[in-house]
Structures are given as structure tokens and as C-alpha cells.
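Here's the letter readout for the chains.
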Amino acid sequence: MSTASVTSRPGVVLADLLPASRAKDIALVIGGAALTGIAAQIAVPVPGSPVPVSGQTFAALLVGTALGARRGFLSLALYAVAGMAGTPWFAQAASGYGMPSFGYILGMMVAATVVGALARRGADRSVLRTAAAMAVGSLIIYAVGVPYLALATGMTLSQAVAAGLTPFLIGDALKAALAMGALPAAWKLVGRRG
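Anyway, here's the lowdown on the structure attached to this text. The residue numbering used here restarts from 1 in each chain and proceeds along that chain's sequence as written. Side-chain atom pairs in this predicted model are given and counted only at pLDDT of 80 or more, local residue features only at pLDDT of at least 70, and totals for whole chains, interfaces and linings cover all residues. Only hydrogens and water are removed before side-chain values are computed, so all heavy atoms of the structure are retained for them.

Overview of the overall build of the chain
Note on conventions: DSSP H or I runs of at least 4 residues are helices, E runs of at least 2 residues are strands, and numbering of each starts at the N terminus. Scanning the chain from terminus to terminus reveals eight helices and two strands. In terms of C-alpha radius of gyration, the chain reaches 17 Å, essentially the compact-globule figure of 16 Å for 194 residues. The principal-axis extents of the C-alpha atoms in the chain amount to approximately 55 × 35 × 20 Å. Scored against the burial criterion, the 194 residues of the chain give a buried share of 46%. Taken over C-alpha atoms, the radius of gyration is set against a globule rule of 2.2 Å times the number of residues to the power 0.38. Relative accessibility under 20% of the residue-type maximum defines a buried residue, over 50% an exposed one, and the middle range a partly exposed one, all with a 1.4 Å probe and only protein chains included.

Structure (C-alpha cells):
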């Protein structure tokens with residue numbers, strides 16, 4: 001079967017275009033976790049917030065979309081478990097689970113799963129559908145991360161929104177714009193090679 005016919009088939013994500021094997025799946029899961037850990041080191045502190053702006057949310061959504069729901073979840077679960085065990089690859093080289101921003105990492109596991117499922121339905125094939133998938137993923141991350149931030153710090157929910165959501169909206173829009181260009185372009189490139 002040609003690459004062009006695979007790219008038009010529903011239920012396929014970018015990772016499915018590689019030859020199928022258990023070793024490939026393991027490498028993709030580990031690679032997705034590592035990519036998220038590397039992207040998390042691109043971090044800028046936000047004044048008045050215990051949560052930095054980082055590349056880890058972008059990586060988590062990209063991993064979920066490119067790998068699909070199951071592999072995306074496993075990648076982010078590996079990222080979370082290794083970080084809780086002491087691997088210093090959360091934002092700003094942090095590790096453990098006692099930090100106020102840990103809820104965002106939990107949200108990333110769910111978001112990677114959801115955007116991966118959406119990608120299997122073709123949500124990564126066009127600019128608008130990719131934008132919608134990234135928006136859904138970001139909402140999930142905030143839906144878990146902001147209440148966790150409030151509980152972990154003793155903030156009210158409105159304080160947690162002000163410290164853990166509002167300062168990040170512009171950055172999330174930029175990350176979504178990157179994904180909106182990258183994912184559909186990857187599909188077009190793969191279709192041309194087939």
C-alpha cells in the first residue's frame with residue numbers, strides 16, 4: 001500500500017506511517033517522553049506565578065497528536081512517572097510530585113490521549129481542525145492544572161486562574177499556531193512522497 005493511500009485512510013496518525021513493530025512503539029513512547037522533557041527545559045518564569053511558561057505543553061500535545069491516543073498517553077505517563085521518581089525533566093529541571101504545577105502534567109496525560117484520539121479522526125490534517133484539537137487539549141490541561149494549583153497553594157480558584165491560566169493564553173495561541181502549520185504540512189509532505 002502506498003503512503004498516499006495510507007494518508008487518506010481514516011484512523012491513521014503520523015507514527016503509523018512507520019513500519020509496525022513493538023520496538024518501534026517502545027522507541028516512540030520513550031522518544032515522546034524525552035521530547036517533552038527536553039521541551040520543558042525551555043521555560044520562562046512568570047512573575048507572581050509558581051508555573052513557568054514552557055515548551056512542555058506544546059510537546060505533550062504534539063506527541064499525542066503524532067503518536068495517537070495509546071502511545072501518546074504512555075509517553076506522557078512515562079514522562080510523569082520518571083519525573084516523580086527523580087528525573088529532573090519537568091519545567092526548570094524540577095522533579096517530584098509536590099510542586100504546585102504537577103496538575104498540569106496530569107492534565108497533559110489526559111490531553112495527549114484526547115488529541116491522539118482526535119488525530120485518528122483526522123484532526124491533524126487541516127489548519128482549522130488542528131487548531132480545534134490544540135484548543136481542546138489546552139482546555140483539558142487547564143481543567144486539571146488550575147484546580148490542582150489552587151489546592152496545592154491554598155489559592156482561591158479565581159487566584160489560580162489569574163496565576164495559572166491567564167498569563168499563558170498568548171503563549172498557547174503561539175504554540176497552537178506552530179502546530180497548525182507543522183502537522184498539516186507533515187501530512188502534505190508524506191502524501192507527496194507516496
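This is not the end of the story, as more comes after the structure.
Here's the deal with the packing of helix H3 (residues 56-67) against helix H5 (residues 102-120)
To define axes, lines are fitted to C-alpha atoms, for helices over the stretch in contact only, and angles between the resulting N-to-C directions are given on a 0 to 180 degree scale. Between H3 and H5, the least distance of the axes is 7 Å, while the angle of their chain directions is 35°. As for how H3 packs across H5, the hand of that crossing is right-handed. Judged by residue contacts, Gln56, Thr57, Ala60, Leu61, Gly64, Thr65 and Leu67 of H3 engage Ile105, Met108, Ala111, Ala112, Val115, Gly116, Ala119 and Arg120 from H5. As a working rule, the residues Ala, Val, Leu, Ile, Met, Phe, Trp, Tyr, Cys and Pro are called nonpolar, Asp, Glu, Lys and Arg charged, and the rest polar, with Gly in that last group. A per-class count over the contact of H3 with H5 returns nine nonpolar, five polar and one charged. By convention, the crossing between two helices is left-handed when the near helix turns anticlockwise from the far helix through less than a right angle, and right-handed when the turn is clockwise. The contact rule is simple, with two residues in contact once any of their heavy atoms fall within 4.5 Å.

What to know about the pattern of salt bridges
Every case where a carboxyl oxygen of Asp or Glu lies within 4 Å of a side-chain nitrogen of Lys or Arg is listed as a salt bridge. Tallied over the entire structure, the rule returns seven salt bridges. Notably, a salt bridge pairs Arg120 with Asp16, separated by 2.4 Å at the nearest N-O pair. With Arg120 in helix H5 and Asp16 in the loop between helix H1 (3-8) and helix H2 (22-40), the pair connects residues that are 104 residues apart, well separated along the chain. Judged by its relative accessible area of 29%, Arg120 is partly exposed. In this structure Asp16 comes out as partly exposed when scored by relative accessible area, which is 26%.

Focus: the side chain of Gln56
As for its position among the elements, Gln56 is in helix H3. Assessed through its relative accessible area of 8%, Gln56 is described here as buried. Among all residues touching Gln56, those that are not within four sequence positions of it are Thr36, Ala39, Ala40, Tyr79, Phe90, Ala91, Ile105 and Met108.

Details of the environment of Val161
Mapped onto the secondary structure, Val161 falls in helix H7 (residues 157-164). Residue classification places Val161 among the partly exposed residues on the basis of a relative accessible area of 32%. The contacts of Val161, once residues within four sequence positions are left out, are Val146, Thr166 and Pro167.

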